[in-house]
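Summary of structural features
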Amino acid sequence: MSGHGEAQVMISAKSGPLKGVASVPGDKSISHRSLIFGAMAVGETRISGLLEGQDVIDTAKAMRAFGATVTRLGEGDWTVNGVGVGGFQEPADVIDCGNSGTGVRLIMGTMATTPISATFTGDASLRKRPMGRVTDPLSLFGTEAYGRKGGRLPMTVVGAADPVPVRYALPVASAQVKSAVLLAGLNAPGETVVIEREPTRDHSERMLIGFGADLHVEKTAEGHVITLKGRPELRPQTVAVPRDPSSAAFPVCAALITEGSDIRVPGVSQNLTRNGLYLTLVEMGALIDFENPREEGGEPVADLRVRFSPDMKGIEVPPERAPSMIDEYPILSVVASFAEGVTTMRGVKELRVKESDRIDAMARGLEACGVTLEEDEDTLIVHGMGAGGMPGGATCATHLDHRIAMSFLVAGMASKREITVDDGSPIVTSFPIFEGLMNGLGAAIRRG
Ligand code: S3P
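Here the structure is a predicted model, which means the values were calculated and not measured. (Residues numbered from 1 in each chain as written. Predicted model: local features only at pLDDT ≥ 70, side-chain atom pairs only at ≥ 80, totals over all residues. Heavy atoms only, no water.)

Attention now goes to the side chain of T110. Structurally, T110 is set in helix α3 (residues 101–111). In this structure T110 comes out as buried when scored by relative accessible area, which is 1%. A polar contact of 2.6 Å, which involves the side chain of T110, links it to the backbone oxygen of L106. When near neighbours in sequence (up to four residues on either side) are disregarded, T110 contacts I36, M40, F88 and L183. (Helix = DSSP H or I, 4+ residues; strand = E, 2+ residues; numbered from the N terminus. Buried < 20%, exposed > 50% of the residue type's maximum accessible area, 1.4 Å probe, protein only. Polar contact = N/O pair within 3.5 Å; in protein donor to acceptor, adjacent residues only side chain to side chain. Contact = heavy atoms within 4.5 Å.)

So, on to the sheet that holds strand β4 (residues 69–74). Here we have four strands laid out as an open sheet, ordered β4-β5-β3-β14, and mixed in their pairing. Either end of the sheet is taken by a strand with one partner, and the two such strands are β4 and β14 (238–240). When strand polarity is set aside, the average angle formed by the axes of neighbouring strands in this sheet is 20°. Sheet contacts for helix α1 (residues 28–39): β3 (42–48), β4, β5 (77–83) and β14; angle to β5, the most-contacted strand, approximately 35°. (Pairing = 2+ DSSP bridges. Axes fitted to C-alpha atoms, helices over the stretch in contact; angles between N-to-C directions.)

The subject of this paragraph is α1. For α1, spanning 12 residues, the distance from its first C-alpha to its last is 17 Å, which sits close to the expected 16 Å at 1.5 Å a residue. Listed as buried for α1 are K28, S29, I30, S31, H32, R33, S34, L35, I36, F37, G38 and A39. (Expected span 1.5 Å × (residues − 1).)

Peptide bonds are mostly trans, and most non-glycine residues show a negative phi. Cis rather than trans, the peptide bond between G16 and P17 has omega equal to 0°. Its location among the elements puts P17 in the loop between β1 (10–13) and β2 (19–21). The omega angle of the peptide bond from L153 to P154 is -5°, so this bond is cis rather than trans. Among the secondary structure elements, P154 is positioned in strand β9 (residues 152–158). Notably, H399 is not glycine yet its phi reads approximately 50°, a positive angle. For L400, which is not a glycine, the phi torsion comes out positive at approximately 60°. Examined against the element boundaries, L400 turns out to sit in the loop between β22 (395–396) and α11 (402–414).

Let us now look at the domain arrangement of the protein chain. Here the domain parsing of the protein chain yields domain 1 (10–26 + 242–447) and domain 2 (28–237). Inter-centroid distance (C-alpha atoms) of domain 1 to domain 2 is 29 Å. At the junction of the two partners, domain 1 supplies 24 residues and domain 2 supplies 26 residues. Taken together, the links from domain 1 to domain 2 amount to three salt bridges. E350 serves as the salt-bridge partner of R133, at 2.9 Å between the closest nitrogen and oxygen. Linking domain 1 with domain 2 are 15 residue pairs in polar contact (both at pLDDT 80 or more), by the criterion used here. (Domains from an automatic or database assignment. Salt bridge = Lys/Arg side-chain N within 4 Å of Asp/Glu carboxyl O.)

Attention now moves to the sheet that holds strand β15 (residues 262–269). Ordered in space as β2-β15-β17-β16, the four strands form an open sheet in which the pairing is mixed. The sheet is open, and its two edges are formed by β2 and β16 (287–296), each paired on a single side. Averaged over neighbouring strand pairs, the angle between their axes works out to 20° when direction is ignored. Bridge count for β16 against strand β17 (residues 299–307) is eight bridges, and the pairing is antiparallel. Each residue of the ladder has a partner; that of I288, found in β17, is V306. This element, helix α7 (residues 245–257), spans β15, β16 and β17 of the sheet and lies at about 160° to β15.

Structure (structure tokens):
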């Protein structure tokens, strides 16, 4: 069992050339936040382009359980009638966040400074992931949390009845932790301050300002100092969710490694906290044109033209780039396998606590496909085999991880022999139209 229904074997065979337009769904991070911030505003927030992946659906259900009215009007079009900051009611049942670390961590923060209790759980992948990184700073507000050993779900969080504001320097570069603390700070009196040494995705800051919070960011020698004034009245918003650059990464990378490809991918975020993969690909020699730069849904975006790039070279990925491409290392390791020379990814130990241990999952799978790799706790090194060079012909384990499943299916499109994944069912968490979209471009992906 996958936790998303029955395990679904999927097989990817030599494909292409890929042609056409890849219109990927809405951004997962912004979709979660639209629902959560909407639930904390009084009045009706309207959302268009919401990602209707399982992770986001689980957050919508959770917001209903805490008292918000969440309504689906049509594809991607949703409304949220919020209960206001501090207005969450105690849920009558366990909150199941499915596969979503972002969902559970942000929601824990949101209820942490309201005097209610909630018990959270998730699928087998989420139940392995550390929650202490969120509940430790939340305890500074006066919140209590009782989980399994190692701070694992299921976990009961008891919101602080009399919260105090907090000053917290993030020990890990994590937008989820940053956002959880800011969300908790919304219902604490006074000013909550979060300091991040390395900038992580800034959607919470941008959106909170949009919803009317008094938040400012100062760039100092110790990093970004984010100050939030507690107990604002959030105003409902109209949110147009931009497309997800982390989902766009799959058709983009597929086109780069699949012979003869020439595709267009519209509206890819150029937000500096999200575009690390694209900088890296260009440094490797990827043929990507960034056309028509503009703003969409409050994010800088461009339309990408992506062509087969047989001359890509391995590079050293700067470790300080990790936060801006954290979800893209699995697919980068696939591209690196089809480049000439060595690609070194350092400073990537956060990958070990994602939906799976992504260093291990990629290393074992690529090894089975004939690629030589080196790894340690914080590093992944891929010895590229050049365009068309990967033998493939293996079955790769996806460990309930959507990005691992999609990465190996992309690898199979350009490897000599087909690649099987043991379970593609988690793909619905972030990119429910992946199979149809990729096959529409010319991929040969099928179910086993
Ligand atoms: C996310 C933050 C990142 C990322 C995740 C989405 C978010 O996690 O991996 O997919 O929406 O805040 P971390 O904050 O744990 O790095």
